[in-house]
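Descriptive analysis of the structure
In case you want the letters, here they are:
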Amino acid sequence: MDQLEAICRDLERIRQDRPLIHNITNFVVMNETANAILCLGALPIMSHAIEEVEEMVGIASALVLNVGTLTPDWVDAMERAGKRANELDIPVILDPVGAGATRLRTESSRRLLNEVRISVVRGNAGEIAALAGIDSEVRGVESIGASASAEEIAARFASTRGSVAAVTGEVDVVSDGKQTAKIHNGHAMLGKVVGTGCMSTAIVGCFAAVESDPFTAAVGGLVALGIAGEMAADTSGERPGTFHAHLYDSLYALDCARIRKLARVALA
Amino acid sequence: MDQLEAICRDLERIRQDRPLIHNITNFVVMNETANAILCLGALPIMSHAIEEVEEMVGIASALVLNVGTLTPDWVDAMERAGKRANELDIPVILDPVGAGATRLRTESSRRLLNEVRISVVRGNAGEIAALAGIDSEVRGVESIGASASAEEIAARFASTRGSVAAVTGEVDVVSDGKQTAKIHNGHAMLGKVVGTGCMSTAIVGCFAAVESDPFTAAVGGLVALGIAGEMAADTSGERPGTFHAHLYDSLYALDCARIRKLARVALA
Amino acid sequence: MDQLEAICRDLERIRQDRPLIHNITNFVVMNETANAILCLGALPIMSHAIEEVEEMVGIASALVLNVGTLTPDWVDAMERAGKRANELDIPVILDPVGAGATRLRTESSRRLLNEVRISVVRGNAGEIAALAGIDSEVRGVESIGASASAEEIAARFASTRGSVAAVTGEVDVVSDGKQTAKIHNGHAMLGKVVGTGCMSTAIVGCFAAVESDPFTAAVGGLVALGIAGEMAADTSGERPGTFHAHLYDSLYALDCARIRKLARVALA
């Protein structure tokens, strides 16, 4: 099936099935990623208590782990939820926020990659490079630079780790180690709102909840947010607060017609 | 006094007295419920440290407990604050987010109901049913179904627990075990923004801060948010991000004239 | 150099250097202060794990401590980050949210002031008065009254503590114990959105990251947010949700031309 038709079909499935997306995520973006998930059409749940994460993930269709404001007890809960998700064949998506910036973030992300079977890792070039053993600089949660291209970083990560790598930036790159997609959707204003990276991870989680191929799910999630960003920029211009509100409006309004018309994906 | 006139009087009292509303609530909606409280006219404070909750509730006029991203230590703080509020005759409102979805949420909500005298419990049909011992399905924080009507669930809960039950849904139902109110205000767009249920609980807390009758306070809070939702939908249409911003605008603009004109409450 | 020209120069430096601002702040405003920092032109990072705060502050250009939803373990992390920042000569800004309202908040703020060299403390009159040993009333996070004027409170705090005091209110007052600035910028709508006080502290942090004189940094931050508030009120009127979105738009659009035209600062 054509890649765009697969994305369309998955978007319609999300809206029909309303899959529950279990998020163990950071304090900064909890509300924002929950709203992104809800606007796209799925159901968000935020739950991190080690006493309930296994039970909660058991009724979910995808698990999104995000280490953005991590402490070790939260990573324990993430690992436990991830292992249970693996037992139940529920896809797990990881956002290694700030990997490369501090040891705690790098090591916690590695620990999750080692202990949990991850379907898709979504991060910026610096974060994914740090986890792939490629030199990079991450300042806080911002990728400053890396000694390889995004394609190389994604391919190296995917082939060594066995997870799909989704490296976002001016052009997004998705690799499963064999095939690569370059996604030219998106808008510079997405970089002017906190948490749009985390939103992209959560939206990949929505697609993974209804799509058995993680490569297709990752491409679908990034195309969806990228187009929504373009739509929001069209109506809000250089106004990040207004753009932020319109981004939810656009995720809600996104449909197959817009995906077919606006998606810019190159497969290699 | 007529029910609508009581709501009007209470709204004016909120704006005149600016009661402090102490919230121990979930991470997802802290900012949003604080803004809802502030826009309505009261003063929000978010505080969960077990070292200060008794002192904080001592200067507050209502306490709102919400188990949305609970861990056991937070429930300890909720119980301690609730007991102190009971001693001081400060009304306590409970939002049992996700009760019925996991044991931790169900049991923590039951524990608070057992240990603290709760004025009003606000939840969806599935959550309140789970606490009333009625079969229901709760997926994350979404009510999927229950084996009784909202009226039956509210009446059963109120008569067995002795708290006012406020069951929100397409039609909101409030019961104190003797009388029932059905509130036909609200808008489908309220379901497209995360945390509007939690906002309704917080707003009931504002009304309870100035109104000695918890049944009237619960009706007032749900009418207020329902009308604000209708006003916001009028100006924003099917755009959830824009609707979200306009919802705060509408809570701020809400007045007695609109309540008298737009409230749709049926008492039985 | 003229004060306004210093503010202009600092704003341009923020946008050119994009300094990393490390925040250990409260749950209510994490997203909002991060967006304010990003819209102004700097890079926000939120990180509170005691395992990583020293490493994170080591790559930052300013540290912002905010005790808004404090627990003792968070204060431990704040102290540790603050001490490391002092070693590295990275400026530390403190927001003593709710000092005066509970012992935990007052004592934690005092502890940070005793253990860490603080460049600027930003709070309302009641909070700063409580820390300066002046009688005041703080209800939750709202200053109800104090037995001295804002100028007296700021001057007393600054001369006894050796930190610049930035006391915000209808008129903002900044004192370093020798000179005083009164800032007449701002708008009443800033009081209708939760977290604008915390935003002002975060923005002072951005200015302190590029400005060696903390008095100038504090004035710059308050002028910047004040003017942004006026700009947002111009376009949104009495609509707090819309104002909130426009506030980010305005921080993003703020430039030297507007600062030169709109700043209203009186030095004494």
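Residues numbered from 1 in each chain as written. Chains lettered and ligands numbered in written order. Predicted model: local features only at pLDDT ≥ 70, side-chain atom pairs only at ≥ 80, totals over all residues.

Regarding the relation of the copies chain A and chain C
Mapping chain A onto chain C calls for a rotation angle of 120° and an axial translation of 0.0 Å; the resulting RMSD is 0.0 Å. Both chain copies can therefore be described as sitting about a three-fold axis. Measuring from the rotation axis to each C-alpha of chain A, the shortest distance belongs to phenylalanine 27 of chain A, at 3.8 Å. The overlap is low: 10% of the interface residues of chain A also sit at the interface in chain C, so different surfaces are used on the two sides. (Least-squares fit on C-alpha atoms with pLDDT ≥ 70 in both. Contact = placed C-beta atoms within 7 Å.)

Some remarks on helix H7 (residues 150-161) of chain A
Residue and element names in this part refer to chain A. Between its first and last C-alpha atoms H7 spans 16 Å; for twelve residues at 1.5 Å apiece the expected length is 16 Å, and the two agree. All buried positions along H7 are accounted for by Ala150, Ile153, Ala154, Ala155, Arg156, Phe157 and Ala158. Elements in contact with the buried residues of H7: strand E5 (120-124), helix H6 (125-132), strand E7 (142-146), strand E8 (164-168), strand E9 (172-175) and strand E10 (180-183). Of the residues one or two after H7, glycine 162 is the one with positive phi, at around 75°. (Helix = DSSP H or I, 4+ residues; strand = E, 2+ residues; numbered from the N terminus. Expected span 1.5 Å × (residues − 1). Buried ≥ 20, exposed ≤ 12 C-beta atoms within 10 Å, placed from the backbone.)

As for the relation of the copies chain B and chain A
Its rotation angle being 120°, the transformation that places chain B on chain A also includes 0.0 Å of axial translation and leaves an RMSD of 0.0 Å. An overlap of only 11% is found between the interface residues of chain B and their copies at the interface of chain A, pointing to separate contact surfaces.

Section: the interface of chain B and chain A
Contacts between the two partners involve 28 residues from chain B and, on the opposite side, 26 residues from chain A. Every element with two or more residues in the side of chain B that touches chain A is listed here: helix H2 (30-40), helix H5 (103-115) and helix H10 (240-253) of chain B. In terms of residues, the side of chain B that touches chain A owes the most to one element, H10 of chain B, which gives five residues. Considering only residue class, the side of chain B that touches chain A consists of twelve nonpolar, nine polar and seven charged. (Nonpolar A, V, L, I, M, F, W, Y, C, P; charged D, E, K, R; others polar.)

Description of the confidence of the model for chain A
In this model, chain A carries a mean pLDDT of 97, and residues with pLDDT of at least 70 account for 100%. For this predicted complex, the interface confidence comes out at an ipTM of 0.97, alongside a pTM of 0.98. (pLDDT = per-residue confidence, 0-100.)

Details of the sheet that holds strand E8 (residues 164-168) of chain C
Residues and elements named next belong to chain C. Strand order in this open sheet of nine strands is E2-E1-E3-E4-E5-E8-E9-E10-E11, and the pairing throughout is mixed. Edge positions in the open sheet fall to strand E2 (43-46) and strand E11 (265-267), since each of these has one partner strand only. Neighbour-to-neighbour, the strand axes of this sheet turn through a mean angle of 20°, independent of strand direction. When strand E4 (residues 92-95) meets strand E5 (residues 120-124), the two strands line up parallel, connected through two bridges. Across the sheet, isoleucine 93 pairs through a bridge with valine 120, a residue of E5. (Pairing = 2+ DSSP bridges. Axes fitted to C-alpha atoms, helices over the stretch in contact; angles between N-to-C directions.)

Points about the interface of chain A and chain C
Each side of the interface is counted separately: chain A has 29 residues, and chain C has 26 residues. Broken down by secondary-structure element, the contributors of at least two residues to the side of chain A that touches chain C are helix H2 (30-40), helix H5 (103-115) and helix H10 (240-253) of chain A. Take the side of chain A that touches chain C: its biggest share by element is five residues, from H10 of chain A. Split by residue class, the side of chain A that touches chain C holds twelve nonpolar, nine polar and eight charged.

Side note on the packing of H2 of chain A against helix H8 (residues 196-210) of chain A
All names here are of chain A. The geometry of H2 relative to H8 is characterised by a closest axis approach of 9 Å and an angle of 40° between their N-to-C directions. In terms of axis orientation, H2 runs oblique to H8. Of the two elements, H2 crosses H8, and the hand of that crossing is right-handed. Two secondary-structure elements touch here, H2 through Glu32, Thr33, Ala36, Ile37 and Leu40 and H8 through Cys198, Met199, Ala202, Ile203 and Cys206. (Parallel < 35°, antiparallel > 145°, perpendicular 65-115°, else oblique. Left-handed = near helix turned anticlockwise from the far one by under 90°.)

Here's the deal with helix H1 (residues 3-17) of chain C
Residue and element names in this part refer to chain C. With 15 residues, H1 ought to run about 21 Å at 1.5 Å a step, and its terminal C-alpha atoms sit 21 Å apart, in line with that. Taken together, the buried positions of H1 are Ile7, Cys8, Asp10, Leu11 and Ile14. Angular distribution of buried residues about the axis of H1 spans 165°; they occupy a single face of the element. Facing away from the buried side of H1 by more than 90 degrees, the exposed set consists of Glu5 and Gln16. Tucked inside the fold, the buried residues of H1 contact helix H2 (30-40), helix H8 (196-210), helix H9 (214-236) and helix H11 (256-262). (Arc of directions from axis to C-beta.)

A short note on the packing of helix H1 (residues 3-17) of chain A against helix H9 (residues 214-236) of chain A
Residue and element names in this part refer to chain A. At a minimum axis distance of 10 Å, the contact between H1 and H9 shows a crossing angle of 80°. Here H1 lies roughly perpendicular to H9, going by the angle between them. Taken together, the residues of H9 that come into contact with H1 (itself represented by Gln3, Ala6, Ile7, Asp10 and Leu11) are Thr216, Val219, Gly220, Val223 and Ala224. Looking at the contact of H1 with H9 residue by residue, the class counts come to six nonpolar, three polar and one charged.

Concerning the environment of leucine 112 of chain A
Structurally, leucine 112 of chain A can be placed in helix H5. It is 22 Å that separates the C-alpha atoms of leucine 112 of chain A and alanine 150 of chain A, two residues lying 38 residues apart in sequence.

So, the pairing of E2 of chain C
On a regular strand, each side chain points to the face opposite its neighbour's, so the side chains alternate between the two faces of the sheet. Burial along E2 of chain C is two-sided: the residues Leu43 and Ile45 of chain C and Pro44 and Met46 of chain C are all buried. Between the parallel elements strand E1 (residues 20-24) of chain C and E2 of chain C, the chain passes through H2 of chain C in a crossover that is right-handed. (Right-handed = clockwise from strand over helix to strand, strands pointing away.)

Considerations on unusual backbone geometry
Residue and element names in this part refer to chain A. Of note, arginine 18 is a non-glycine position whose phi angle comes to about 45°, a positive value. Tracing the chain through its elements places arginine 18 in the loop between H1 and strand E1 (20-24). The phi torsion at aspartate 89 lies on the positive side, around 60°, for a residue other than glycine.

Section: the sheet that holds strand E4 (residues 92-95) of chain B
Residue and element names in this part refer to chain B. One open sheet accounts for nine strands, arranged E2-E1-E3-E4-E5-E8-E9-E10-E11; its pairing is mixed. One side of each edge strand has no neighbouring strand; the edge strands of this open sheet are strand E2 (43-46) and strand E11 (265-267). Looking at each pair of strands side by side, their axes are set apart by 20° on average, direction ignored. Taken strand by strand, helix H4 (residues 72-88) contacts strand E1 (20-24), strand E3 (62-66) and E4, and its axis lies near 155° from that of E3.

Brief notes about the pairing of strand E2 (residues 43-46) of chain A
Across four bridges, the pairing between E1 of chain A and E2 of chain A is parallel. Pairing of asparagine 23 of chain A across the sheet is with methionine 46 of chain A, part of E2 of chain A.

Looking at the environment of glutamate 87 of chain A
All names here are of chain A. The topology assignment puts glutamate 87 in helix H4 (residues 72-87). For glutamate 87, a count of 11 C-beta atoms within 10 Å corresponds to the exposed category. Placed 29 residues apart in sequence, glutamate 87 and glycine 58 show a C-alpha to C-alpha distance of 9.7 Å.

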